[in-house]
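# Structural characterization, general
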Amino acid sequence: CLVEFMEDGKKMNKIKVLYEDNHIIVVEKPINMLSQSDNTKDIDLLTLVKEYIKEKYHKPGNVYVGLVHRLDRPVGGVMVFAKTSKAAKRLSEEIRTHQIKKTYLAIVEGIIKEETGTYCDKILRLENGNSVIDSHGKEAILDYQVLKRNKEKNKTLVKVFLKTGRHHQIRVQFAYHKHPLCGDQRYGKQDKTQIALYAYQLELIHPTTKEKLVFQKLPPKIDHWTQFTVSNNVH
């Protein structure tokens, strides 16, 4: 479901809805869009979801949408929002207890020889907006699985399973372990390409029905993603 907003006869923004009911709404966050507003005043996904609900259901006044997790601005992919405060509370609890499982696809510089691996480090968030590996930081754990290697381009396609949710975690840990993400302008090469990191899959327990739901969305075929064939059955 692709919804376009109109203002003064002009197309404003599009929002891709993957799933919606009375309690939650799952959407694809476009790359380079904020998850929520900041001091740049640029358009953000939370505002777009509120506008979408307000317009679709002709709701007067303010619309409640609960932000329960975020994606970095340059990173696109699957996000869930709560449509009620009860759903927001339950989804937040799922995140706290690691019942919501986030799986990412990433393309990193260099060839990773192991088929699977785990990074366990400590990440410290700095006042300048960056994060670093530091013994005074918080524990950061992720697992990765190699999907494909492109030896000609010296790049590796990996599936990443986050065990913790630290600031810039995937980007910082892979860079620290000598495999920075392709297109990561902050922790890798500043080559003007789009970061090769995508929130590919989101698995959650529905806050009211308790049903397990799994949503997937593949990254757009741009920049580094054109160098690998990626399909929905990546295992």
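Attention here is on the structure that accompanies the text. (Residues numbered from 1 in each chain as written. Predicted model: local features only at pLDDT ≥ 70, side-chain atom pairs only at ≥ 80, totals over all residues. Heavy atoms only, no water.)

Right, let's talk about helix α3 (residues 169-176) for a bit. With respect to burial, α3 is a largely interior element, 6 of its 8 residues being buried. Among all positions in α3, only Gln 169, Ile 170, Arg 171, Val 172, Gln 173 and Phe 174 are buried. The secondary structure elements touched by the buried residues of α3 are β6 (101-109), β7 (116-125), β8 (131-133), β9 (138-150), β10 (155-162) and β11 (197-205). At the C-terminal side of α3, Lys 178 shows a positive phi close to 70°. (Buried < 20%, exposed > 50% of the residue type's maximum accessible area, 1.4 Å probe, protein only. Helix = DSSP H or I, 4+ residues; strand = E, 2+ residues; numbered from the N terminus. Contact = heavy atoms within 4.5 Å.)

In terms of nonpolar packing, the biggest core is built from 33 residues, with Val 49, Phe 81 and Phe 174 touching the most fellow members. Per element, the largest residue contribution to this core is 6 residues, and it comes from helix α1 (residues 45-56). The residues touching Phe 174, leaving out its near neighbours within four places in the chain, are Val 108, Ile 112, Tyr 119, Leu 142, Tyr 144, Val 158, Val 160, His 179, Pro 180 and Leu 181. (Core = buried A, V, L, I, M, F, W, Y, C linked by side-chain atoms within 4.5 Å.)

Moving on to the packing of aromatic side chains. For the structure on display, the rule yields 4 aromatic pairs. Plain terms: the ring middles of Tyr 19 and Phe 215 are 5.5 Å apart, the flat faces sit at 45° to each other, and that makes the pair tilted. In this pair, Tyr 19 sits in strand β2 (residues 10-20) while Phe 215 sits in strand β12 (residues 212-216), placing the two residues 196 residues apart along the sequence. An angle of 50° between the planes, with centres 5.1 Å apart, marks the rings of Tyr 119 and Tyr 144 as tilted. (Phe/Tyr/Trp six-rings, centres within 6.5 Å; stacked < 30°, edge-to-face > 60°.)

Here we take up a positive patch on the surface. On the surface, a cluster of positive charge is contributed by Lys 86, Lys 89, Arg 90 and Lys 210. Along the chain, the position of Lys 86 falls in helix α2 (residues 85-96). (Patch = residues over 30% accessible without salt bridge, like charges linked within 9 Å, V, L, I, M, F, W, Y side chains within 5 Å. Areas by Shrake-Rupley, 256 points an atom, 1.4 Å probe, with all protein chains shown as cover. Salt bridge = Lys/Arg side-chain N within 4 Å of Asp/Glu carboxyl O. Lys, Arg positive; Asp, Glu negative; His and termini not counted. Charge placed at Lys NZ, Arg CZ, Asp CG, Glu CD.)

Attention shifts here to the pattern of salt bridges. For the coordinates displayed, the defined rule picks out 11 salt bridges. The salt bridge involving Glu 203 is made with Lys 212; its shortest N-O contact spans 3.8 Å. Look at Glu 203 and you get buried, because its relative accessible area is 16%. Taking relative accessible area as the criterion, Lys 212 reaches 52% and is therefore assigned exposed. Several salt bridges converge on common partners, so that one network encompasses Glu 20, Lys 56 and Lys 83.

This part covers the pairing of β12. Residue alternation in β12 divides its side chains into a buried set, Leu 213 and Phe 215, and an unburied set, Lys 212, Val 214 and Gln 216. Bridge analysis of β11 against β12 gives 5 bridges, and the strand direction is antiparallel. Looking across to β12, one finds that Leu 202 is bridged to Phe 215. Once β11 ends, the chain turns through 6 residues before running back antiparallel as β12, passing Lys 210 with a positive phi of about 65°. (Pairing = 2+ DSSP bridges.)

A few words now on the environment of Leu 124. Its location among the elements puts Leu 124 in strand β7. Along the backbone, Leu 124 and Phe 161 are 37 residues apart, and their C-alpha atoms lie at a distance of 20 Å. Setting aside anything within four residues of it in sequence, one finds Leu 124 in contact with Asn 130, Ser 131, Val 132, Asp 134, His 136 and Gly 137.

Another point: the pairing of β6. Most of β6 sits inside the fold, with 7 of its 9 residues counted as buried. Judged from the 6 bridges that link them, β6 and β11 form a sheet pairing that is antiparallel. Looking at the pairing, Lys 102 lines up with Leu 202 of β11. Pairing between β6 and β10: 7 bridges, direction antiparallel. Opposite Ala 106, over in β10, you have Val 158 as the bridge partner.

On to the side chain of Ser 131, then. Checked against the element boundaries, Ser 131 lands in strand β8. Taking the relative accessible area as the measure of exposure, Ser 131 reaches 2% and is therefore buried. Only 2.8 Å separates the side chain of Ser 131 from the side chain of His 167, close enough to count as a polar contact. For Ser 131, the residues in contact, after removing those within four places along its chain, are Ile 123, Leu 124, Arg 125, Leu 126, His 167, Val 172 and Tyr 187. (Polar contact = N/O pair within 3.5 Å; in protein donor to acceptor, adjacent residues only side chain to side chain.)

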